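Each chain, written out:
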Amino acid sequence: MSEPLAERLRPRSLDDYIGQQHLVGEGAVLRRMIDSGHISSFILWGPPGVGKTTLAQIIANKLETPFYTLSAVTSGVKDVRDVIEKAQKGRFFNEASPILFIDEIHRFSKSQQDSLLGAVERGIVTLIGATTENPSFEVIRPLLSRCQLYVLKSLEKDDLLKLLERAITKDIILRERHIELKETDALLRYSGGDARKLLNILELVVESETGDVVVTDELVVARLQQNPLAYDKDGEMHYDIISAFIKSIRGSDPDAALYWMARMIEGGEDPQFIARRMVISASEDIGLANPNALLLANAAFDTVMKIGWPEARIALAECAVYLATSPKSNSAYLGIDAALALVRETGNQPVPLPIRNAPTQLMKELGYHDGYKYPHDYPGHFTPQQYMPDELVDKRLWHGQHSPAEEKLYQRMVNYWGKRFED
């Protein structure tokens, strides 16, 4: 049995690698690192099928260093330790560190990630991790701090067309079939920027035909409808459905939210992924209009972790309906983004003296903390004083939105600060 098309066409060098020119193009950061022969540990973050595993293998081939692979789905702490021990024993003095490639590193537990720390820190292995999830949420901070993070993008249309052309002209099997790419829109649409999926679909279509093959949109759609497993939950459908789910919550449609959740459940989606996105939605879209939404979303996440399928679907459904039917506000979301933009624009403004910390006598003599008014000493536990830096004293960042719950917060600020908070 021959290898799948995607494996047969896997590039062996950077010259054959398609896409990610911001990382591997002439003068780009990874190209320079590879050409120098010295690489440091890094994590590749990007959607499925954009070349994360291929890039790691090209690096190993280029550097001619031992290359170990672990899958976070099937490997445990013992497997990690075994590989580290092999790497340590097999390394010669002054030789480059062996590369340890961990696919889907976001699926590693904290203990599994902890078991990597020492080896990465001491240079026993150079870690290359690949993940489709935001490493900030999924990779422990000590490990993340020891790795560079590089973001890979979905392949562009031109990249995908180049890959199709290479497949039908260079592949040892397909080039014998006399394939004409008459139409490619359906191929590109179903692939969703995923090179592996694109090649899998092309191979499926070609194998379903006899003799010469003329690829049309109609043919692709017909063959995929006959084979519902031709796409998986990690591709375009995955991103489209989670987008529809979140937008249904934001748009206060509980029926649609339940429908898209059911589509994800039936498609085998990771329940933690669904729960995590609802935690984000509770903060981003409901926010201060109903602060209990974040509490319920976190409770749903905890429930998923504790009881798993199939019962966890009930907690997820309860949370989805609650979020969809809650009043909406994004004032906190807009406020923090405005604050971040202001910080980037104005730099490190000095803290006003009255609200500085004064743990030493010298700081007290310099006026730190002088003039600070302790709010609890005043009626209503409030008294006006300056908290913003001198240069930004009149800046407004949070603008209350007038849902019933948030209106109370807004009116309290108007009562405290007067015109400063009157929109």
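Residues numbered from 1 in each chain as written. Predicted model: local features only at pLDDT ≥ 70, side-chain atom pairs only at ≥ 80, totals over all residues. Heavy atoms only, no water.

Notes on the environment of V414
Move 1: As for its placement among the helices and strands, V414 is situated in helix 20 (residues 404–417).
Move 2: Linking V414 and A87, residues 327 residues apart in sequence, is a C-alpha distance of 64 Å.
Move 3: Ignoring any residue separated from it by four or fewer positions in sequence, one finds V414 in contact with F421 and E422. (Helix = DSSP H or I, 4+ residues; strand = E, 2+ residues; numbered from the N terminus. Contact = heavy atoms within 4.5 Å.)

Description of the sheet that holds strand 2 (residues 67–71)
Move 1: Strand order in the open sheet formed by 5 strands is 2-3-4-1-5, and the pairing between neighbours is parallel. Each having just a single partner strand, strand 2 and strand 5 (148–151) make up the two edges of the open sheet. With strand direction ignored, the average angle separating the axes of adjacent strands in the sheet is 20°.
Move 2: Here strand 2 runs beside strand 3 (residues 99–103); their pairing, made up of 5 bridges, is parallel. Across the sheet, residue Y68 finds its bridge partner in strand 3, namely L100. (Pairing = 2+ DSSP bridges. Axes fitted to C-alpha atoms, helices over the stretch in contact; angles between N-to-C directions.)

Topic: the packing of aromatic side chains
Any two aromatic rings considered together are summarised by their centre-to-centre distance and by the angle between their planes.
Move 1: Following the criterion strictly, the structure yields 4 aromatic pairs and no others.
Move 2: Look at F42 and Y150: their rings are 5.4 Å apart centre to centre, the planes differ by 65°, and that puts the pair in the edge-to-face class. With F42 in strand 1 (residues 42–45) and Y150 in strand 5, the pair connects residues that are 108 residues apart, well separated along the chain.
Move 3: Look at F67 and F101: their rings are 6.2 Å apart centre to centre, the planes differ by 15°, and that puts the pair in the stacked class. In this pair, F67 sits in strand 2 while F101 sits in strand 3, placing the two residues 34 residues apart along the sequence.
Move 4: For F101, a relative accessible area of 2% corresponds to the buried category. (Phe/Tyr/Trp six-rings, centres within 6.5 Å; stacked < 30°, edge-to-face > 60°. Buried < 20%, exposed > 50% of the residue type's maximum accessible area, 1.4 Å probe, protein only.)

Observations regarding the packing of helix 16 (residues 292–307) against helix 17 (residues 312–325)
Move 1: As a packed pair, helix 16 and helix 17 sit with axes 9 Å apart at the nearest point and diverge in direction by 165°. Classed by the angle they form, the pair helix 16 and helix 17 counts as roughly antiparallel. For helix 16 against helix 17, the interelement crossing comes out left-handed. Listed contacts from helix 17 to N292, A293, L296, A297, A300, T303, V304 and I307 of helix 16 are A312, A315, L316, E318, C319, Y322 and L323. (Parallel < 35°, antiparallel > 145°, perpendicular 65-115°, else oblique. Left-handed = near helix turned anticlockwise from the far one by under 90°.)

Some thoughts on the pairing of strand 1
Move 1: Across 4 bridges, strand 1 lies against strand 4 (residues 126–131) in parallel orientation. Its bridge partner lying in strand 4, W45 is registered against T131.
Move 2: Sheet analysis places strand 1 next to strand 5, joined by 4 bridges and oriented parallel. Across the sheet, residue W45 finds its bridge partner in strand 5, namely V151.

Description of unusual backbone geometry
Move 1: The phi dihedral of H178 is positive, around 55°, even though this residue is not glycine.
Move 2: Mapped onto the elements of the fold, H178 is located in the loop between helix 9 (157–170) and strand 6 (179–181).

Section: the confidence of the model for the chain
Reading predicted coordinates in detail is not appropriate for stretches of low pLDDT.
Move 1: Residues at a pLDDT of 70 or more form 91% of the chain, whose mean pLDDT is 82.
Move 2: Taken as a whole, residues 227–236 scores under 50 in pLDDT and shows 18 contacts with residues more than four places along the chain or in a different chain. (pLDDT = per-residue confidence, 0-100.)

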